[in-house]
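Listed below are the residues making up each chain.
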There are 2 protein chains.
Amino acid sequence: MPPARANDHSGADVFTDMSCLHLPLGLPLEEIPELHDAETFTLLRKDEVLFEQGTPFAGLFLVRSGSLKQVSTIHGGDPLVMAYAMPGDLVGLDAIGQNVYPGTALALETLTVSVLSQERVSELGAQVPELRQQLCRNLSQEVHDERLMLRSLLHRTAVGRLAYFFVAMSMRFRRRGYSPTQFRLALSRSDIASYLGLTVETVSRTLAHFHKQELLKASGRDFHILDLDGLIRLAESSGRRGGR
Amino acid sequence: MPPARANDHSGADVFTDMSCLHLPLGLPLEEIPELHDAETFTLLRKDEVLFEQGTPFAGLFLVRSGSLKQVSTIHGGDPLVMAYAMPGDLVGLDAIGQNVYPGTALALETLTVSVLSQERVSELGAQVPELRQQLCRNLSQEVHDERLMLRSLLHRTAVGRLAYFFVAMSMRFRRRGYSPTQFRLALSRSDIASYLGLTVETVSRTLAHFHKQELLKASGRDFHILDLDGLIRLAESSGRRGGR
DNA sequence: AATCGGCCATGACAGCTATCAACTTACGGG
DNA sequence: CCCGTAAGTTGATAGCTGTCATGGCCGATT
C-alpha cells in the first residue's frame, strides 16, 4: 500500500495488474494535460445529474472528488445500478458506441468533476491518434473484465456476490492509493443490491453474516475489511450454480 | 423525461433494437473484401479449438458455416460459456484489449472460418483508419449491450433468463435472414445453463414448462418458438430480484 | 425539542432452484 | 445388432433468497 494521498495523479502504470474487477470505467489516462489544468470544473450536489440516459454524447468527465453512480433503465423497468465512480475515474466513455449516454450519472454526494468536452475529445483524438487507440484498448479491457465478473456473478450466491464486490472495491481503493481495508462507499444498501442483482434484505443479512464471521465490519456506509483473504476465498468458491 | 427517441438503447425495448443481445462479437462488417475472396479458409471439426485462452492475438475469424462457443476459465474454476458464434459472426475482437484471447474458441460442430491475420488487421487499420474506429465503435456497442443484458439477467429468474435467451436468439436469426421462430442451436443444455448461470436441470425443467405453456417447443437442439410475444413478455417481466 | 421520513436491520414465510439420484433417450463403436 | 457412454429428463429434498411485515436508527424539517 503506497502511502499515496488524496489527489494522487501519479497514474504510474496502474494497469500492470490485470485490473481485475474494475467496476466503473476508470482509466489511468490522467496524463492528458487538458484534464489537469482545466478550469472546467463542475460542482454537483447530491442527487443532481451529470448527464441523462439517452442524451447525446457531450463529453467525458473525470471525477475529482465525491462519487457518482450510473444507472440504466430498461423499458420503464427498475433502474439498474451499472457503475460506481470515485475520484480518478473517467466517466462517459461508454457513450462512444451510440454517441449517446447509455445511463444516467447521478451524484451520490457533493461532487466535482473536470469536463472534457466532445470537441476537446475529438481534437485530442485527431492530434494524438494513439490516444484514441489507447482509449479504445482500455475501454475494451475494462469492459471485458466486467463481462467476466458479471458472468461469474450469475453463478454465485449472495455471499459470493458480496464477497466479490468488496474484494473488487478493496482493489480499487488500493490502486488509488487509499486503504484497501477501510473505506466509505456512498452507495446505499439498495444501490449495492441493485448492482449485484440482490434485494436490500439479502444484502443486509449477508453483511450481518460477514460481521459474525469476522470478515467485514460494516457500520452505515463505512466498511472495514477484517479478513481480505477470507473474502477472496469466498468470492472464488462461493458459487452454487452450474458447478459442473 | 426527455423525448426518448433514437436513444433507445435504454428506453426502447431491448429487443426491437437489433444489436441488443448480440451475444458474440458479430459485426456487419462483411464489406471488407479481404474477408470474402479470401482463400484463407480453415476447417475445424467438433471439439477442435480455433484459439486458446491466453494465447497472443493472432487474428480475427469470420464464421462461414457451423458454430462455435467461447469459454473462459477463471482461476482454475469451471469454464464459463461466454459467447456463441454463428455464421456471419466475427470472432476474436475481444482480444484487442490485452492482445490476448480472453477465452478459448471451440467448434461445436464442423466449422469453417475465414481468417484475418493480425498483420492483415493492422494493414487494414492503417489503410482505412475509419475502419478501426468503426470496429471500435461496434465492439463498444456490442459489449455495452451485453453488459446491460447481463445486469438484467442478474435480477431474473430461470424463466426470465431463458425467455431472454431465446428472444435474443430469435433476433439474431432474424437479423441473419433465417427464421426467427425455428432454428437449431449447437449448444448443449449444459452450455446454455453455463451461459445463463443456471444448472442443466433447471434449464430442462424450464423448457418443459415453456412447452406446457405453448411458448416454445424444444426437441433436442431444434427449437420452435410458438409464442414470441409471450416469451418477450416473460423476458421483460419475469425478474424477481431487487424490484426497487 | 419534536416529528417525519428514508435507510437499515431482523424475523417469518413462501417460492425458486441447486443438489442428489434414478431413469430414458440418443448416438457411436465393436 | 448390441452395448456403452454421454446427454437429457424427471422426481424428491434441502437450502438460499425474495417477499412481506415490523421496529430501530438517523438526519432533516418544523
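The structure under discussion appears in the preceding block.
Criteria and cut-off values
- Residues numbered from 1 in each chain as written.
- Chains lettered and ligands numbered in written order.
- Predicted model: local features only at pLDDT ≥ 70, side-chain atom pairs only at ≥ 80, totals over all residues.
- Heavy atoms only, no water.
- Near = heavy atom within 4 Å.
- Polar contact = N/O pair within 3.5 Å; in protein donor to acceptor, adjacent residues only side chain to side chain.
- Helix = DSSP H or I, 4+ residues; strand = E, 2+ residues; numbered from the N terminus.
- Least-squares fit on C-alpha atoms with pLDDT ≥ 70 in both.
- Contact = heavy atoms within 4.5 Å.
- Nonpolar A, V, L, I, M, F, W, Y, C, P; charged D, E, K, R; others polar.
- Pairing = 2+ DSSP bridges.
- Axes fitted to C-alpha atoms, helices over the stretch in contact; angles between N-to-C directions.
- Buried area = accessible area lost by both parts, 1.4 Å probe.
- Salt bridge = Lys/Arg side-chain N within 4 Å of Asp/Glu carboxyl O.
- Buried < 20%, exposed > 50% of the residue type's maximum accessible area, 1.4 Å probe, protein only.
- Expected span 1.5 Å × (residues − 1).
- Phe/Tyr/Trp six-rings, centres within 6.5 Å; stacked < 30°, edge-to-face > 60°.
- Lys NZ or Arg CZ within 6 Å of the ring centre and 35° of its normal.
- Parallel < 35°, antiparallel > 145°, perpendicular 65-115°, else oblique.

This part covers the protein's contact with DNA strand D. Close to DNA strand D lie 19 residues, the nearest being Ala158(A), Thr199(A), Thr202(A), Ser204(B) and Arg240(B). The protein-proximal atoms of DNA strand D, defined as those within 4 Å of the protein, are 70% sugar or phosphate. Between DNA strand D and Glu201(A) there is a distance of 3.3 Å, counted from a base nitrogen to a side-chain nitrogen or oxygen. Within the side chain of Ser204(B), one N or O atom sits 2.7 Å away from a phosphate oxygen of DNA strand D. Among the elements of the structure, helix 6 (200-212) of chain A together with helix 5 (189-196) and helix 6 (200-212) of chain B are those that each provide at least two residues to the surface near DNA strand D. By residue number, the principal contributor to the surface near DNA strand D is helix 6 of chain B, which donates four residues.

With that out of the way, let us pick up the relation of the copies chain B and chain A. For the pair chain B and chain A, the best superposition has an RMSD of 0.1 Å and corresponds to a rotation of 180° with a translation of 0.0 Å parallel to the axis. Read as a symmetry element, the transformation amounts to a two-fold axis. When the interface residues of chain B are mapped onto chain A, 85% of them again fall at the interface, so both copies present the same face.

Taken together, 19 residues are adjacent to DNA strand C, and Ser204(A), Arg240(A), Ala158(B), Thr199(B) and Thr202(B) come closest. Protein-adjacent atoms of DNA strand C, using a 4 Å cutoff, are sugar or phosphate at a proportion of 70%. Within the backbone of Ala158(B), an N or O atom sits 2.5 Å from a phosphate oxygen of DNA strand C. Note that a phosphate oxygen of DNA strand C is positioned 2.8 Å from one of the side-chain N or O atoms of Thr199(B). Those elements that provide at least two residues to the surface near DNA strand C are helix 5 (189-196) and helix 6 of chain A together with helix 6 of chain B. Looking at the surface near DNA strand C, the element that brings in the most residues is helix 6 of chain A, giving four residues. Here the residues of the surface near DNA strand C are counted per class, giving three nonpolar, seven polar and nine charged.

What follows deals with the sheet that holds strand 7 (residues 104-107) of chain A. The four strands are arranged 2-7-4-5 (chain A) in an open sheet whose pairing can be described as antiparallel. A strand with exactly one partner marks an edge of an open sheet, and here the two such strands are strand 2 (49-51) and strand 5 (79-85) of chain A. Averaged over all pairs of adjacent strands, the angle between strand axes in this sheet comes to 30°, irrespective of strand direction. Against the sheet, helix 3 (residues 129-154) of chain B touches strand 4 (68-73) and strand 5 of chain A, its axis set at about 115° to strand 5 of chain A.

Before going further, it helps to examine the interface of chain B and chain A. Residue-level contacts link 54 residues of chain B with 53 residues of chain A. For the chain B and chain A pair, buried surface summed over both sides reaches about 5000 Å², with 57% attributable to carbon and sulfur atoms. Its largest share of buried area at the contact with chain A, chain B owes to Arg147(B), Arg151(B) and Leu154(B), together 16% of the area lost on that side. For the pair chain B and chain A, the number of links is six salt bridges.

Our focus in this paragraph is the pairing of strand 4 (residues 68-73) of chain B. Residues and elements named next belong to chain B. Burial analysis of strand 4 places five of its six residues in the buried class, the great majority of the element. The sheet contact formed by strand 4 and strand 5 (residues 79-85) spans six bridges and is antiparallel. Counterpart to Leu68 in the pairing with strand 5 is Ala85. Where strand 4 meets strand 7 (residues 104-107), four bridges bridge the pair, whose relative direction is antiparallel. Bridging from a neighbouring strand, Leu68 pairs with Ala107 of strand 7.

Between its terminal C-alpha atoms helix 3 (residues 129-154) of chain A stretches 38 Å, which fits the 38 Å expected from 26 residues at 1.5 Å a residue. Counting buried residues in helix 3 of chain A gives 20 out of 26 residues, a clear majority hidden from the surface.

Attention now moves to the packing of aromatic side chains. Given two aromatic rings, one states the distance between the centres and the angle between the planes to describe the pair. If you walk through the whole model with that rule in mind, you get 18 aromatic pairs over all chains. On the basis of an interplanar angle of 25° and a centroid distance of 5.7 Å, the ring pair of Phe51(B) and Phe61(B) is categorised as stacked. In this pair, Phe51(B) sits in strand 2 (residues 49-51) while Phe61(B) sits in strand 3 (residues 59-65), placing the two residues 10 residues apart along the sequence. For the pair formed by Phe51(B) and Phe61(B), the shared burial category is buried. Where Phe51(B) meets Tyr101(B), the ring centres are 3.8 Å apart and the plane angle is 15°; that geometry is what we call stacked. Note that Phe51(B) is positioned in strand 2 and Tyr101(B) in the loop between strand 6 (90-91) and strand 7, a separation of 50 residues in sequence. For Arg151(A), the ring lying beneath its charged end belongs to Tyr195(B), and the centroid distance is 4.1 Å.

Time to look at the packing of helix 2 (residues 118-127) of chain A against helix 3 of chain A. Residue and element names in this part refer to chain A. Following both chains from N to C, one finds helix 2 and helix 3 inclined at 110°, their axes separated by 4 Å at the closest point. With respect to their mutual orientation, helix 2 and helix 3 come out roughly perpendicular. Here Leu124, Gly125, Ala126 and Gln127 of helix 2 come into contact with helix 3, specifically with Pro129, Leu131 and Arg132. When grouped by side-chain class, the residues that make up the contact of helix 2 with helix 3 number four nonpolar, two polar and one charged.

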